[in-house]
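# Notes for the structure review
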Amino acid sequence: LDQMCSWQNEGLELCPISINVSSHQLRNTEFARQLAAQIKNSGIPANLLCLEITESTLMQDIDASHQMLDQLTRIGLSISIDDFGTGYSSLSHLVNLPIDELKIDRSFIIAMDRSEEYLRIVRTIIDLAWDLDMVPLAEGVEEKAQVEQLQLLGCNHIQGFFYARPMPQSELVA
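Okay, so let's go over this structure. (Residues numbered from 1 in each chain as written. Predicted model: local features only at pLDDT ≥ 70, side-chain atom pairs only at ≥ 80, totals over all residues. Heavy atoms only, no water.)

### Remarks on the packing of aromatic side chains
Just so we agree on the cut-off: In this analysis, rings of Phe, Tyr and Trp, with Trp reduced to its six-membered ring, are considered paired at centre separations within 6.5 Å, and the interplanar angle assigns stacked below 30 degrees, edge-to-face beyond 60, and tilted for intermediate values. Elements are defined by DSSP. Helices are runs of H or I of four residues or more, strands are runs of E of two residues or more, and each kind is numbered from the N terminus. Think of it in three bands: with a 1.4 Å probe and only protein chains considered, a residue is buried below 20% of the maximum accessible area for its type, exposed above 50%, and partly exposed in between.
Per the stated rule, a full pass over the model turns up 2 aromatic pairs. Aromatic pair Phe108 and Tyr118: ring centres 5.9 Å apart, planes at 40 degrees, arrangement tilted. One end of the pair, Phe108, is in helix H7 (residues 106-112); the other, Tyr118, is in helix H8 (residues 116-131), and 10 residues separate them in sequence. The exposure class assigned to Tyr118 is partly exposed, which follows from its relative accessible area of 35%.

So, in structure tokens, the structure goes:
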């Protein structure tokens, strides 16, 4: 939030950002309240923030996760399940949680070029996301052929080294 405030003060147009949430933060009963206060004090619109939570973290205590996600979405935050497909989530839980985005794990993206089975898994996750009114996002995309294949499958939300490698803030602004 501090960085977004700096960018806003510099007159830069803000774009949505994703923030990783740890299992410790998700289990902290004060997390939503504290985050809401920080957002309010920053003046940054909550809808510009997406919280990424790994599938395994969500499933550690599904009831507590559900309560916390409800609190976070009431603030106006988006929720993304990170590394989807590598954990042990139940589809019934997936339907009942307030999730906006499914991030397809990098391992599936890499393997889909070499294996028809993995390509079918990626296609299924994309279709599942859309069918549940979620946005599928492919992570770890490194090659143009992967981008083209994902777009053919209906996945236009893509991140990875194909677009940019991690960089200092100064390079990002430029």
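### Some points on the pairing of strand E4 (residues 101-104)
Threshold: Pairs of strands are assigned from DSSP output, requiring at least two bridges between the strands.
Side chains of E4 alternate between two faces, with Glu101 and Lys103 and Leu102 and Ile104 buried alike. Here 3 bridges tie strand E3 (residues 78-84) to E4, and the two strands are oriented parallel to one another. In the strand pairing of E4, Ile81 is matched with Leu102. Relative to strand E5 (residues 135-138), E4 runs parallel, the two sharing 4 bridges. Across the sheet, the residue bridging to Lys103 is Leu137, located in E5.

### Here's the deal with the sheet that holds strand E6 (residues 157-158)
Pairing in this open sheet of 6 strands is parallel, and the strands run E1-E2-E3-E4-E5-E6 from one edge to the other. The sheet is open, and its two borders are formed by strand E1 (17-20) and E6, each paired with just one other strand. Bridge analysis of E1 against strand E2 (residues 49-54) gives 4 bridges, and the strand direction is parallel. Within E2, the residue paired with Ser18 across the bridge is Cys50.

### Things to note about the pattern of salt bridges
Our working rule: We count a salt bridge whenever a side-chain nitrogen from Lys or Arg sits within 4 Å of a carboxyl oxygen from Asp or Glu.
For the coordinates displayed, the defined rule picks out 8 salt bridges. For Lys103, the salt bridge goes to Asp82, with nearest N and O atoms at 3.8 Å. Of this pair, Lys103 sits in strand E4 while Asp82 is found in strand E3, placing the two residues 21 residues apart along the sequence. By the burial criterion, Lys103 is buried, and Asp82 matches it. Among the ionic contacts, a cluster of salt bridges with common partners joins Glu52, Asp82, Lys103 and Glu139.

### Some words on the packing of helix H3 (residues 31-42) against helix H5 (residues 62-75)
This is how the line gets drawn: In this analysis, axes come from line fits to C-alpha atoms, helices being fitted only over the stretch in contact, and the angle between any two N-to-C directions falls in the range 0 to 180 degrees. For this classification, under 35 degrees means roughly parallel, over 145 means roughly antiparallel, 65 to 115 means roughly perpendicular, and everything else is oblique. The handedness criterion is simple: a crossing whose near helix is rotated anticlockwise from the far helix by less than a right angle is left-handed, and one whose near helix is rotated clockwise is right-handed. Contact definition: two residues touch when any of their heavy atoms are within 4.5 Å. Put simply, Ala, Val, Leu, Ile, Met, Phe, Trp, Tyr, Cys and Pro go in the nonpolar bin, Asp, Glu, Lys and Arg in the charged bin, and everything else, Gly too, in the polar bin.
Running from N to C, H3 and H5 point in directions that differ by 15 degrees, and their axes come no closer than 9 Å. Judged by the inter-axis angle, H3 sits roughly parallel to H5. Relative to H5, H3 is oriented so that their crossing is right-handed. Residues Phe31, Ala32, Leu35, Ala36 and Ile39 of H3 lie in contact with H5, whose contacting residues are Met68, Gln71, Leu72 and Ile75. Of the residues that constitute the contact of H3 with H5, the class distribution is 8 nonpolar, 1 polar and no charged.

### Things to note about H3
Put simply, the test is: By definition here, a helix of n residues has an expected span of 1.5 Å times n minus one. Picture the helix axis, draw a direction to every C-beta atom, and the arc is the one those directions span.
Between the first and last C-alpha of H3 there are 16 Å, a value that for 12 residues agrees with the 16 Å anticipated at 1.5 Å per step. Along H3, the residues classified as buried are Phe31, Ala32, Leu35, Ile39 and Ser42. The arc enclosing the buried residues of H3, seen along the axis, measures out at 95 degrees, which places them on a common side. Along H3, the residues that are exposed and aim more than 90 degrees away from the buried face are Arg33, Lys40 and Asn41. Lining the buried residues of H3 we find helix H1 (2-9), helix H2 (23-27), E2 and H5. Gly43 sits one or two positions beyond H3 and adopts a positive phi of about 80 degrees.

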